[in-house]
Amino acid sequence: MPVWTICPSDLLLRKINRHVIEKGPNSDNHGTAIMLGEAGRWQPTQKILIEGNTFTNNGPPTVFVRNLTPTPARLIGNTLKGNTTTPLTGKGSVQ
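Rules behind the numbers
Residues numbered from 1 in each chain as written. Predicted model: local features only at pLDDT ≥ 70, side-chain atom pairs only at ≥ 80, totals over all residues. Heavy atoms only, no water. Helix = DSSP H or I, 4+ residues; strand = E, 2+ residues; numbered from the N terminus. Buried < 20%, exposed > 50% of the residue type's maximum accessible area, 1.4 Å probe, protein only. Polar contact = N/O pair within 3.5 Å; in protein donor to acceptor, adjacent residues only side chain to side chain. Contact = heavy atoms within 4.5 Å. Core = buried A, V, L, I, M, F, W, Y, C linked by side-chain atoms within 4.5 Å. Pairing = 2+ DSSP bridges. Axes fitted to C-alpha atoms, helices over the stretch in contact; angles between N-to-C directions.

Caption draft 1: Region of interest: the environment of Thr-45. Within the element layout of this structure, Thr-45 appears in the loop between strand 3 (32-36) and strand 4 (48-51). Residue classification places Thr-45 among the buried residues on the basis of a relative accessible area of 12%. Residues Thr-45 and Arg-14 lie 31 residues apart in sequence; the distance between their C-alpha atoms is 7.5 Å.

Here you go:
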């Protein structure tokens, strides 16, 4: 089973803010830092906010937030450093 840096599978965690997150070349999962709705497991929520985080990618290209839920994720003011990182895949917006 893949390991993500943050995986709130029940989505009771609706806000992720002011974290410092890093993925290195030896990470178990290179594809995603924050996974939302992994394996179809999620509780309905009206808002997902990911704000003011700093993410450093020292490994291969990765996705900062992979949103598999029907709820749009809002990414606001996050800092992405290091190697190639796609801010968001799935529903949502990046500011």
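Caption draft 2: Representation of the side chain of Thr-62. As for its position among the elements, Thr-62 is in strand 6 (residues 62-67). Of the residues examined, Thr-62 reaches a relative accessible area of 4% and is grouped as buried. Polar contacts involving the side chain of Thr-62 include one to the main-chain carbonyl oxygen of His-30, which spans 2.6 Å. One polar contact links the side chain of Thr-62 to the main-chain amide nitrogen of Thr-32, over a distance of 3.2 Å. Thr-62 has contacts with Lys-23, His-30, Gly-31, Thr-32, Ala-33, Phe-55, Asn-57, Thr-84, Thr-85 and Thr-86, leaving out every residue within four places of it along the chain.

Caption draft 3: Spotlight on the nonpolar core. By size, the foremost hydrophobic cluster in this structure holds 13 residues, and its most contacted members are Ile-34, Leu-36, Ile-50, Phe-64, Val-65 and Leu-75. With residues near it in sequence (within four places) discarded, Ile-50 still touches Ile-16, Ile-34, Leu-36, Phe-64, Val-65, Arg-74, Leu-75, Ile-76 and Asn-78.

Caption draft 4: Focus on the sheet that holds strand 5 (residues 54-57). Pairing is parallel in the open sheet, where three strands are placed in the order 2-5-8. For this open sheet the edge positions go to strand 2 (20-23) and strand 8 (79-82), each flanked by a neighbour on one side alone. Strand-to-strand twist of the sheet, defined as the mean angle between neighbouring strand axes without regard to direction, takes the value 15°.

Just distances and angles here, no functional claims.
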